[in-house]
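A closer look at the structure
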Amino acid sequence: MIERMRITKFGHASVRLEHDGAALLIDPGMFTQPEAMDSLTGILITHEHADHWTPEMLAMSDAPIWTIAAVADQINAASPELGERITVVSPGESFDAGVPVTVVGEQHAVIHPDFPRIFNSGFTVDLGGTKVHHPGDAFEMPEGPIDVLLVPAGAPWMRASEAVEYARAVGAPVNLGIHDRIYTDLAHGVLEKQMEAFLPGNGQRYVRLTDGSDLSLG
């Protein structure tokens, strides 16, 4: 494990990734603690929903923002002054945000067949050889081996079995539960039991952290 690497779980789907001077925050939404915004060097946003970004959270930092076109349009409409900080990225693209980042996937998971699907792109971030994948609100498969999967733990668009199967399919040794604010601890306990029933046999483990806690890879 690299000593200068740090992975911190903040509210809901927000995770801060630090390595060798870079400090990226993914999805600073309505449940994110303000301290997550301190001294950022970059912000990544997967899609447009308010639990993944708000103008108020973005205004707490002057860090550059990388996101997809659909989100950039909404940010510009809500807070035009933030637009100067945005770089639009596309599925399949790789870019340098202080650490290498690859854009994965294009659409949000199906919430209901009668709802139009919105755009969503996850991010694979390379922290000095440790690859961390945040899918946003989707179960798109990243390319290549992943060391830490930030796996959605609860949402109106998913079943617990889908989270288990996604974790098994990606095959990351460490699976950190995110997207966890809207369901009860009892429900999360059920998911943990399911993860523990299936992942260890594949050499994998599932972790759920309290907000503000660091992930241990040891």
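In short, a report on the structure.

Reading guide: rules and limits
- Residues numbered from 1 in each chain as written.
- Predicted model: local features only at pLDDT ≥ 70, side-chain atom pairs only at ≥ 80, totals over all residues.
- Heavy atoms only, no water.
- Pairing = 2+ DSSP bridges.
- Helix = DSSP H or I, 4+ residues; strand = E, 2+ residues; numbered from the N terminus.
- Axes fitted to C-alpha atoms, helices over the stretch in contact; angles between N-to-C directions.
- Contact = heavy atoms within 4.5 Å.
- Buried < 20%, exposed > 50% of the residue type's maximum accessible area, 1.4 Å probe, protein only.
- Salt bridge = Lys/Arg side-chain N within 4 Å of Asp/Glu carboxyl O.
- 1 Å grid on protein atoms, 1.4 Å probe; cavity = no way out; pocket = protein on both sides within 12 Å on 5 of 7 lines; lining within 4 Å.
- Points joined across faces, edges and corners; volume = space filled by probe spheres on them.
- Nonpolar A, V, L, I, M, F, W, Y, C, P; charged D, E, K, R; others polar.

1. Some points on the sheet that holds strand β9 (residues 122-127)
The seven strands lie next to each other as β7-β8-β9-β10-β11-β12-β13, forming an open sheet whose pairing is mixed. Bordering the open sheet on either side are β7 (94-96) and β13 (205-207), each of which pairs with just one other strand. Each strand of the sheet is rotated relative to its neighbour by a mean of 25°, with strand direction disregarded. Note that strand β10 (residues 130-134) and strand β11 (residues 148-152) share two bridges and pair parallel. Residue pairing across strands places H133 opposite L149, the latter belonging to β11.

2. A few points about the side chain of D126
The topology assignment puts D126 in strand β9. If near-sequence neighbours (up to four positions away) are discounted, D126 is found in contact with V99, P100 and K131.

3. A few points about the pairing of strand β2 (residues 15-19)
In terms of residue burial, β2 counts as a mostly covered element, since five of its five residues are buried. Note that strand β1 (residues 5-9) and β2 share five bridges and pair antiparallel. Bridged to T8 within β2 is R16. Between β1 and β2, which pair antiparallel in sequence order, lie five residues; one of them, H12, sits at a positive phi of approximately 65°. Of the pairings in the sheet, the one linking β2 to strand β3 (residues 22-26) comprises five bridges and is antiparallel in character. When the bridges of β3 are listed, E18 appears paired with A23.

4. Quick look at the sheet that holds strand β14 (residues 213-214)
Strand order in the open sheet formed by seven strands is β6-β5-β4-β3-β2-β1-β14, and the pairing between neighbours is mixed. Looking at which strands have only one partner, the edges of the open sheet turn out to be β6 (86-88) and β14. Summarising the sheet, β3 and strand β4 (residues 42-45) pair through three bridges and their orientation is parallel. Its bridge partner lying in β4, L25 is registered against I43.

5. Some remarks on the pattern of salt bridges
In the structure shown here, the tally under the stated rule is eight salt bridges. Salt bridges linked by common partners bring K9, D180, R181, D185, R208 and D211 together as one network.

6. With respect to the layout of surface pockets
When its volume is computed, the largest pocket comes out at roughly 200 Å³. G92, P100, V101, T102, V103, V104, T124, D126, K131, M141 and E143 together form the lining of the largest pocket. Put simply, the parts of the chain that give the lining of the largest pocket at least two residues each are β8 (100-104) and β9. Here the element with the most residues in the lining of the largest pocket is β8; it accounts for five residues. Here the residues of the lining of the largest pocket sort into five nonpolar, three polar and three charged.

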